[in-house]
Amino acid sequence: MAFWGDYHTHTKYSHGKGTVLDNALAAKQQGLKQLAVTDHGLSHIVFGIKRKELPLLKKDCENATRETGVLVLAGIENNVNSFDGTLDLTSDDLDMIDIVQGGYHKAARAPSAKEEFAFQMRNMFRSFVSKSPQKLISRNTDSYLKLIDNYELDFIGHLNRDIRVDALTVAKYAKQKGTFIELNSKRLTLTDRELEAMTKEGVLFICNSDAHSPQRVGDMALALSVIDRLGIPYEQIVNWERLPQFRSSNYKRATAGGNA
């Protein structure tokens, strides 16, 4: 029994330690069928991939697929960066990638000075203290619901890391739309209570390594420990002994013609 794909990994295009091919070779050694390279989004002020590098990333993924037999998907760890539920990429950028991930990072720029203060700075400040005000949590939750509506979002990465939302409300809506909730095996960001409530609602999870080195590609130990401890049914883990049925047309295009 094993995972068939790892859809959240980093390379030297951001602050990972290996190349796309290094990650793909590690995925092949782990017996994975699919791998996504999801370096940090364009607005990440420290580690973000550059727009001009997207064609290079795409080419590297295609070459790694040919060399290893693992389907290597070009992705970005996109940043939700406003209360409007927008990601830091254009429609042209979106056309360049094979898988659509959404999440939040403190080190990402907002699209305007107003959103920088109202959304980014407020949430950044609150990430350093124990609680966020309920009004901010409600607005953040709405931004994630809009995000799911605005994009064919395949999964939400590390929900509730650095930004507080009503995680159950987001997860239930994600289920309706066909978007998966990540169980991040680098750092878990959801409480047992939240995960138990999501499991009861039939939310679908995807386990990812969030690997920043080739040696960690496919390492799902932390996620597995929580799955077993809480008794989350493996039928609700979409990349366990099967390939996920992602919602985006990007993924469907990338896997057309028998490449899946």
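Below you will find a few notes about this structure. Worth saying up front: this structure is predicted, and the values here are computed from it rather than measured. (Residues numbered from 1 in each chain as written. Predicted model: local features only at pLDDT ≥ 70, side-chain atom pairs only at ≥ 80, totals over all residues. Heavy atoms only, no water.)

## Thoughts on the packing of helix α6 (residues 167-177) against helix α7 (residues 192-200)
Convention followed: Throughout, an axis means a line fitted to C-alpha atoms (over the contacting stretch in the case of helices), and angles, computed between N-to-C directions, take values from 0 to 180 degrees. A run of H or I in DSSP becomes a helix once it reaches four residues, and a run of E becomes a strand once it reaches two; helices and strands are each numbered from the N terminus. For classification purposes, an angle smaller than 35 degrees is called roughly parallel, one larger than 145 roughly antiparallel, one from 65 to 115 roughly perpendicular, and anything else oblique. Left-handed describes a crossing in which the near helix is turned anticlockwise from the far one by less than a right angle; the clockwise case is right-handed. Note on definitions: a residue-residue contact is assigned when non-hydrogen atoms from the two residues lie within 4.5 Å. Polar here means any residue outside two lists: the nonpolar Ala, Val, Leu, Ile, Met, Phe, Trp, Tyr, Cys and Pro, and the charged Asp, Glu, Lys and Arg; Gly therefore counts as polar.
Contact geometry for α6 and α7: axes closest at 10 Å, N-to-C directions at 30 degrees. Taken as axis vectors, α6 and α7 run roughly parallel relative to one another. You can see that α6 and α7 cross each other, and the crossing is right-handed. The residues of α7 that touch α6, namely those facing Ala167, Leu168 and Ala171, are Glu194, Ala197 and Met198. Its residues assigned to classes, the contact of α6 with α7 shows five nonpolar, no polar and one charged.

## Considering the packing of helix α5 (residues 134-150) against α6
Two packed helices can be described by the angle between their axes and the distance between those axes. Where α5 meets α6, the axes come as close as 10 Å, and the angle between the chain directions of the two elements is 10 degrees. Between α5 and α6, the crossing angle belongs to the class labelled roughly parallel. Residue-level contacts link Thr141, Tyr144, Leu145, Ile148 and Asp149 of α5 to Thr169, Val170, Tyr173, Ala174 and Lys177 of α6. Split into classes, the residues belonging to the contact of α5 with α6 amount to six nonpolar, two polar and two charged.

## Details of the environment of serine 248
Counted only if it meets this: Only protein chains enter the calculation, and the probe is 1.4 Å; a residue is then buried if its accessible area is under 20% of its type maximum, exposed if over 50%, and partly exposed in between. Any N or O atom pair separated by 3.5 Å or less is treated as a polar contact, with the protein-specific requirement of one donor-capable and one acceptor-capable atom, and with residues adjacent in sequence counted only for side-chain atom pairs.
Relative to the elements of secondary structure, serine 248 occurs in the loop between α8 (221-230) and α9 (249-254). Residue serine 248 is classed as buried on the basis of its relative accessible area, which comes to 0%. Residues serine 248 and glutamate 152, 96 residues apart in the sequence, show an inter-C-alpha distance of 4.8 Å. Once you skip the residues sitting within four places of it in the chain, serine 248 turns out to touch Asp98, Val100, Glu152 and Asp154. A polar atom in the side chain of serine 248 sits 3.0 Å from the backbone nitrogen of tyrosine 251.

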